[in-house]
Every structure is written in C-alpha cells, then in structure tokens.
Amino acid sequence: MEKDISQAVIRRMPRYYRYLGELLEEGVERISSNDLSSRMKVTASQIRQDLNNFGGFGQQGYGYNVQFLYDEIGKILGLNQTHNIIVIGAGNLGQAITNYVKFEKFGFLITALFDINPKLKGQMVRDIPIYMMDELEEYCAKNRVDIAALTLPKERADATAKYLVQLGIHAIWNFAHVDLDLDSQVVVENVHLSDSLMQLSYNIVKNSD
C-alpha cells in the first residue's frame, strides 16, 4: 500500500469489519453510508473519507455491497491470511488469551505457549502445548511464528522482546506494562488493559457530576 494511512483510520477499520459482519449475519446485502453511520455513531462523511483511503468501494445511489466491503476490509487488515502466534508467559492472562477461540475465526492461530515455571512444562491449554523458554529457539527454527504475545512481568519484557527479534519474530503483541525499546522495523501493538479501565473510570466520574 503506497499511501500513508493515518493510525486513526487504521484503528477504525476493525470496527467497520465487526459491524459489517453483524450485518451479514442479519442477511443485509447492501447499506448506505448514512445507515452505517447511524449504526456505528460515526458520521457518514467520516465513513466515506475512511474508505476512500483504500479506493472507496461504494456506488452512488446504491451504497455499499456488505459482503464485498466486508471481504475487502478483511484483506486490508490481512485477515485473508493466517497468522501463527506464540504466547510468552503462560500465567492467567496468557492462558485466557489462548482460550479465546474467536481469534481463530479471523486467522490468528495460537500454536504454543512458553514459560519458565517448570510445573507448567508439558501442560496443555485448549490442546495447545506449554513449552519452557529454553525450548523457544528450537521451536522458532522449526515452526513459522508471525506474532509473539508478551504476557509476562514488565521487568522481563524488554529483554525477552529483543530475544524474540533475534529469533526472527518481527511482530509483538505487548501486554506488559512497559514501552519496548526495539528496532523500528519491528511492529509492536501495545495493549494496556489498565488504561482502558482508567478511561472507563473517568467517564463514570464525568457522568455522575
């Protein structure tokens, strides 16, 4: 994709994909930007601007073909490919992520978990094995790994992330509460669950004033 798309637009694309999926489940074949706007609480002009970044997809007087738009946004988001994920840290959060089966519907396949706790060695989470960290290098040499999810304490996150990059992994889904100091070619998506709760807390306070 030659055009530089803003991160704000990219962040909205999964939401479009989710709403279009719901429309398909309802049997809706086409929808106008105005109808999509009222469902999503985003202005129709914003929807048109966002989609125009990728070619538009709509026809004047017809609107959007829901299946076509759903498929095209899926391609934009890379969901027409499978992505193999390993989870580093097999504690409560790592196991919860592994147990979330809906990821597979979008092509994200968790293939292994890694931990340093010897009590977890050989255990399974939803038929997915837990290995020890000293087995990580051999695993990465023998298996395709597209994404590593970090669900481990922040004091170990940066060194572990750098080790993963050395092993050839260039996409990290970071749940550790630390900003990773990595090469600019490495794609990092930071997930701060506490930030989301703080925003919720702010809105509770604001609405109670």
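Worth saying up front: this structure is predicted, and the values here are computed from it rather than measured.

Draft legend 1. Summary view of the overall build of the protein. Secondary structure summary: the protein contains nine helices and nine strands in total. For the protein, the spread of C-alpha atoms along the three principal axes comes to 60 × 50 × 35 Å. Considering the protein as a whole, with its 209 residues, one finds that 39% of them fall into the buried category. Residue pairs in contact within the protein that sit at least 24 positions apart in sequence constitute 54% of those at least 6 positions apart. Carbon and sulfur atoms make up 49% of the accessible area of the protein, which amounts to about 12,700 Å² in all. Across the protein, the 21 positively charged side chains and the 26 negatively charged ones have centroids separated by 5 Å.

Draft legend 2. Highlighting the pairing of strand β6 (residues 128-132). The two faces of β6 differ: I128, I130 and M132 on one face are buried, but P129 and Y131 on the other face are not. Relative to β6, strand β4 (residues 108-115) runs parallel, the two being bridged by three bridges. From the neighbouring strand, L113 faces β6, where its bridge partner is I130. Bridging between strand β5 (residues 124-125) and β6 involves two bridges; their strand directions are antiparallel. Bridge pairing in β6 links M124 to P129. Linking two consecutive strands that pair antiparallel, namely β5 and β6, is a turn of two residues; a positive phi of about 55° is found at R126 within it.

Draft legend 3. A look at the pattern of salt bridges. If you walk through the whole model with that rule in mind, you get eight salt bridges. Between K162 and D158 there is a salt bridge, and its shortest N-O distance comes to 3.0 Å. Placement of the pair is K162 and D158 together in helix α8 (residues 154-166), with a separation of four residues, close to one helical turn. Take D158: its relative accessible area is 21%, and that puts it in the partly exposed class.

Draft legend 4. Focus on the packing of helix α1 (residues 7-25) against helix α2 (residues 33-40). Viewed as axis vectors pointing N to C, α1 and α2 meet at an angle of 105°, and their least axial separation amounts to 11 Å. Judged by the angle between their axes, α1 and α2 are roughly perpendicular. Only L36, R39 and M40 of α2 make contact with α1, whose side of the interface consists of R15, Y16, Y19 and L23. Among the residues forming the contact of α1 with α2, the class breakdown is five nonpolar, no polar and two charged.

Draft legend 5. Expanded view of a nonpolar patch on the surface. Together, L197, L200 and I204 make up an exposed nonpolar region whose accessible area comes to about 320 Å². Mapped onto the elements, L197 comes out in helix α9 (residues 193-208).

Draft legend 6. Representation of α8 in the model. A rise of 1.5 Å per residue sets the reference length of α8, with its 13 residues, at 18 Å; its end C-alpha atoms lie 19 Å apart and thus fit the reference within 8%. Turning to α8, its buried residues number three or more, namely A157, T160, A161 and L164. Just downstream of α8, G168 is the residue with a positive phi angle, here 100°.

About the thresholds
- Residues numbered from 1 in each chain as written.
- Predicted model: local features only at pLDDT ≥ 70, side-chain atom pairs only at ≥ 80, totals over all residues.
- Heavy atoms only, no water.
- Helix = DSSP H or I, 4+ residues; strand = E, 2+ residues; numbered from the N terminus.
- Buried < 20%, exposed > 50% of the residue type's maximum accessible area, 1.4 Å probe, protein only.
- Contact = heavy atoms within 4.5 Å.
- Areas by Shrake-Rupley, 256 points an atom, 1.4 Å probe, with all protein chains shown as cover.
- Lys, Arg positive; Asp, Glu negative; His and termini not counted.
- Charge placed at Lys NZ, Arg CZ, Asp CG, Glu CD.
- Pairing = 2+ DSSP bridges.
- Salt bridge = Lys/Arg side-chain N within 4 Å of Asp/Glu carboxyl O.
- Axes fitted to C-alpha atoms, helices over the stretch in contact; angles between N-to-C directions.
- Parallel < 35°, antiparallel > 145°, perpendicular 65-115°, else oblique.
- Nonpolar A, V, L, I, M, F, W, Y, C, P; charged D, E, K, R; others polar.
- Patch = residues over 30% accessible without salt bridge, like charges linked within 9 Å, V, L, I, M, F, W, Y side chains within 5 Å.
- Expected span 1.5 Å × (residues − 1).

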